[in-house]
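# An overview of the molecular structure
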Amino acid sequence: MCFVTSLLVGYRYFFSLPTLNNSIKDYQERELTSLEISLAREFLFLKTINYDYAVWDDTYDYMTSLDEEYLDSNYVDDTFVSLKIDGVIIYDMNYKQVYEHTYDFIEGTTFDLPSFDLLAKPTNRSIHPYFKAQENTLSRFGFLRSKHGPIMFASHAIKHTDKTGEPIGAIVFIKKVRPSQISSMAEIAQIQLSYSVISNESVPTQIARLEGGLQDEPIATQRQRVLLDINGNPLLLFTIKHHH
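Nothing here was measured: the structure is a model prediction, and the numbers come from that model.

## Topic: the overall build of the protein chain
Along its length, the protein chain carries five helices and eight strands. Along the protein chain, helices (α) and strands (β) appear in the sequence α-α-α-α-β-β-β-β-β-α-β-β-β when read from the amino end. Taking as baseline every contact in the protein chain between residues at least 6 positions apart, the subset at least 24 positions apart corresponds to 61%. Total accessible area on the protein chain is roughly 13,600 Å²; 53% of this is exposed by carbon and sulfur atoms.

The following block contains the structure:
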């Protein structure tokens, strides 16, 4: 009996458990990857509509004429509701706001965004596509801290519809990070997900960023991931509870 029991325990320890552990790791890897994909999906929509407005003759012409008919035709409150965005900001090449309009499409109210005043907040100029001309990029996207909580943004250089035109400015679309959005991401990834905003006084250490799935980590019932803002500062802390 002892010999048979030893064989069974040995087989389970050396063969069954490693196979099971590898399966669980693969499953948790897929859950993290699904969460990354769901976040990328949120940005894809924001970047797409931002591109449509930035690479457009009407927007380019507005920057040269400042004709308010363009604003009245395109940025009424109903536009924000239909696009599910909370604001649009247009900058010239010197980071000066040419136009700003914010509108919380859920609450139906306007709000101020001093974080996006790039003349007063030079540390946030990295949201502008021409912040580092040597990078030769026409667009940027990411998160930025504001007094209204974390903000998603997508920005793109203003060009003609045929993608021509000298650098003339940039247009930024913004969207508040809301609990409903996090719930939607969790549903897509099929995990339990909660989040908290990281204050400047509670910067976490030794917590992996949300990229690359498992990073030489053991199996766990839950784990945490950090999202950084556009300047590389910790902004959001995700707590992920894996499927049992």
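## Topic: the packing of aromatic side chains
Under the defined criterion, the tally for this structure stands at 10 aromatic pairs. Summarising the aromatic geometry, the rings of Phe43 and Phe143 are spaced 5.2 Å apart at their centres and angled 75 degrees between planes, so their arrangement reads as edge-to-face. Within this pair, whereas Phe43 is found in helix α1 (residues 2-54), its partner Phe143 is found in strand β3 (residues 139-144), the two being separated by 100 residues in sequence. The pair formed by Phe43 and Phe143 is uniform in burial state, with each residue classed as buried. Judged by centre distance (5.3 Å) and plane angle (55 degrees), the rings of Tyr53 and Phe173 are tilted.

## A word on a negative patch on the surface
A surface patch of negative charge is lined by Asp57, Asp58, Asp61 and Asp162. Looking at where Asp58 falls in the secondary structure, it is placed in helix α2 (residues 57-65).

## Brief notes about the nonpolar core
One finds Leu35, Tyr75, Phe143, Ile171, Phe173 and Phe238 to be the most contacted residues of the largest nonpolar core, which totals 42 residues. It is α1 that provides the largest number of residues to this core, a total of eight residues. Among residues more than four places away in sequence, those in contact with Ile171 are Asn50, Tyr53, Ala54, Tyr70, Tyr75, Val88, Ile89, Ile90, Ala154, Ser155, His156 and Ile158. If you look at the next biggest cluster of nonpolar residues, it comprises 13 residues, including Tyr91, Tyr95, Leu113 and Leu118.

## Thoughts on the pattern of salt bridges
Applying the stated criterion to the full structure yields five salt bridges. Residue Asp104 is joined to Arg178 by a salt bridge in which the shortest nitrogen-to-oxygen separation is 3.1 Å. Taken together, the residues Asp104 in the loop between β2 (97-102) and β3 and Arg178 in the loop between β5 (170-176) and α5 (179-189) connect sequence positions 74 residues apart. Arg178 matches Asp104 in its accessibility class, with the two residues each being buried. Overlapping salt bridges bring together Asp86, Asp104, Lys176 and Arg178 as one network.

## Some words on α2
All of the buried residues along α2 are Thr59, Tyr60, Tyr62 and Met63. In a view along the axis of α2, the buried residues occupy a sector of 155 degrees, so they form one face of it. Two residues or fewer after α2 comes Leu66, characterised by a positive phi angle close to 55 degrees.

Scoring rules and cut-offs
Residues numbered from 1 in each chain as written. Predicted model: local features only at pLDDT ≥ 70, side-chain atom pairs only at ≥ 80, totals over all residues. Heavy atoms only, no water. Helix = DSSP H or I, 4+ residues; strand = E, 2+ residues; numbered from the N terminus. Contact = heavy atoms within 4.5 Å. Areas by Shrake-Rupley, 256 points an atom, 1.4 Å probe, with all protein chains shown as cover. Phe/Tyr/Trp six-rings, centres within 6.5 Å; stacked < 30°, edge-to-face > 60°. Buried < 20%, exposed > 50% of the residue type's maximum accessible area, 1.4 Å probe, protein only. Patch = residues over 30% accessible without salt bridge, like charges linked within 9 Å, V, L, I, M, F, W, Y side chains within 5 Å. Salt bridge = Lys/Arg side-chain N within 4 Å of Asp/Glu carboxyl O. Lys, Arg positive; Asp, Glu negative; His and termini not counted. Charge placed at Lys NZ, Arg CZ, Asp CG, Glu CD. Core = buried A, V, L, I, M, F, W, Y, C linked by side-chain atoms within 4.5 Å. Arc of directions from axis to C-beta.

Purely geometric stuff here, so don't read any function into it on its own.
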